[in-house]
Amino acid sequence: MSWLERLSEGLSRTRERFSEQINVIFDRGPQLDDDFWDALEESLILADFGGPATIDIIDQLQDAAVRLALPDGYAVFDRMTQTIAGMFTLAEEDVFALSPVCVLFVGINGSGKTTTVGKLAKDGVDNGRTVLLGSADTFRAAAIEQLDVWAQRAQVPVIKRERGADPASVSFEVVEKAEQLGADLILIDTAGRLHTSDDLMRELEKVVKVTRKRAEQYHGPDGAGRELPVKTVLVLDATTGQNGLQQAREFNRALDLDGVIITKLDGTAKGGIAVAVSHELGLPVFRIGVGEKIDDLRPFEPEDFARALIGDTRE
């Protein structure tokens, strides 16, 4: 099965729910009247596209309907894939392709951070990268053990401390070790943080600050003085829907995120949340996950995603 087929299968719940709504619209008749636009707007909201993205999608489609003299709702629907794809904020660069780079993974418990780190580590090794993992989630013993399993699977070293250790000091040590080993892909797993807890978010801010401070002194194993960029990426569980959007707002406010990875798209009818987060917050989506297998986490392509999300509701 190709990636596009797996993506389409993974987004089937969202697509089926959206298709049901669209079919109801067309059953009323495809004429472009106020009822059509109101119903289309409601369908996008129900798929968790969010208010700002939905308004912009409708505005663009209405403009196209007038400008191109589109005859009916079917012609409007033909333009939806392109319009939705255009809602995403595009990444200037894939942070995981930078060399060297240090990426801090943040998010709430259960979002899939540790699994995502493990999959990216394996992918990095398969692509010839020198990978180092850091376990800065020192609150959950299970998280340390889980990252250990992934490190063994990818055959890469992992820096860890005993449970309860200061996560900022772990991250500091990870950068130091990366400098000694010449690692060019450094992935640090942080503890899950409730976006509603100011104390926990401040602690995470400290982790990011300490990591960046140490990275400023990074020279690489050959002393060449290579810059080590530190990127902060939010891992977001798609099944949380609009609550996930609120999580993204708070993490972005505190940490000035570089982008997001959206997981568990195969388990939800709320796939539009990817559009909502990227569009409203101006954040690129670096990777999406549609399953548990290693190759079910892939680079994000807006047009492929939009095509799989919308499908074709006409028989």
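Now for a quick tour of the structure.

Criteria and cut-off values
Residues numbered from 1 in each chain as written. Predicted model: local features only at pLDDT ≥ 70, side-chain atom pairs only at ≥ 80, totals over all residues. Heavy atoms only, no water. Helix = DSSP H or I, 4+ residues; strand = E, 2+ residues; numbered from the N terminus. Rg over C-alpha atoms; globule rule 2.2 N^0.38 Å. Contact = heavy atoms within 4.5 Å. Phe/Tyr/Trp six-rings, centres within 6.5 Å; stacked < 30°, edge-to-face > 60°. Buried < 20%, exposed > 50% of the residue type's maximum accessible area, 1.4 Å probe, protein only. Lys NZ or Arg CZ within 6 Å of the ring centre and 35° of its normal. Pairing = 2+ DSSP bridges.

### Structural notes on the overall build of the protein
Logical step 1: Summing up its helical and strand segments, the protein has 13 helices and eight strands in all.
Logical step 2: Scaling as 2.2 N^0.38, a compact globule of 315 residues should have a C-alpha radius of gyration of about 20 Å, and the protein matches this with 21 Å.
Logical step 3: If you line up the protein on its principal axes, its C-alpha atoms span 65 × 40 × 35 Å.
Logical step 4: The contacts of the protein with a sequence gap of at least 6 include a subset with a gap of at least 24, amounting to 77%.

### A look at the packing of aromatic side chains
Logical step 1: As enumerated under the stated definition, the model contains nine aromatic pairs in all.
Logical step 2: Taking the centre distance of 6.0 Å and the plane angle of 20° together, the rings of Phe96 and Phe105 count as stacked. The two residues Phe96 and Phe105 agree in class, both being buried.
Logical step 3: Plain terms: the ring middles of Phe96 and Phe286 are 6.2 Å apart, the flat faces sit at 85° to each other, and that makes the pair edge-to-face. Of this pair, Phe96 sits in the loop between helix 6 (80-85) and strand 1 (101-106) while Phe286 sits in strand 7 (residues 285-289), and the two are 190 residues apart along the sequence. By the burial criterion, Phe96 is buried, and Phe286 matches it.
Logical step 4: Above the face of the Trp150 ring, Arg153 is positioned so that its terminal group lies 4.3 Å from the ring centre.
Logical step 5: Sitting over the ring of Phe172, Arg214 keeps its end group 5.7 Å from the ring centre.

### As for the environment of Ile294
Logical step 1: Topologically, Ile294 is positioned in the loop between strand 7 and strand 8 (297-299).
Logical step 2: Excluding residues within four positions of it along the chain, Ile294 makes contact with Lys119, Lys122, Trp150 and Arg153.

### Points about the sheet that holds strand 4 (residues 185-190)
Logical step 1: Pairing within the open sheet is mixed, and its eight strands lie in the order 3-2-4-1-5-6-7-8. Looking at which strands have only one partner, the edges of the open sheet turn out to be strand 3 (158-159) and strand 8.
Logical step 2: Strand direction decides the pairing type here: strand 2 (residues 131-136) and strand 3, joined by two bridges, are parallel. Among the inter-strand pairings, Gly134 is bridged to a residue of strand 3, identified as Ile159.

In short, geometric facts, not functional conclusions.
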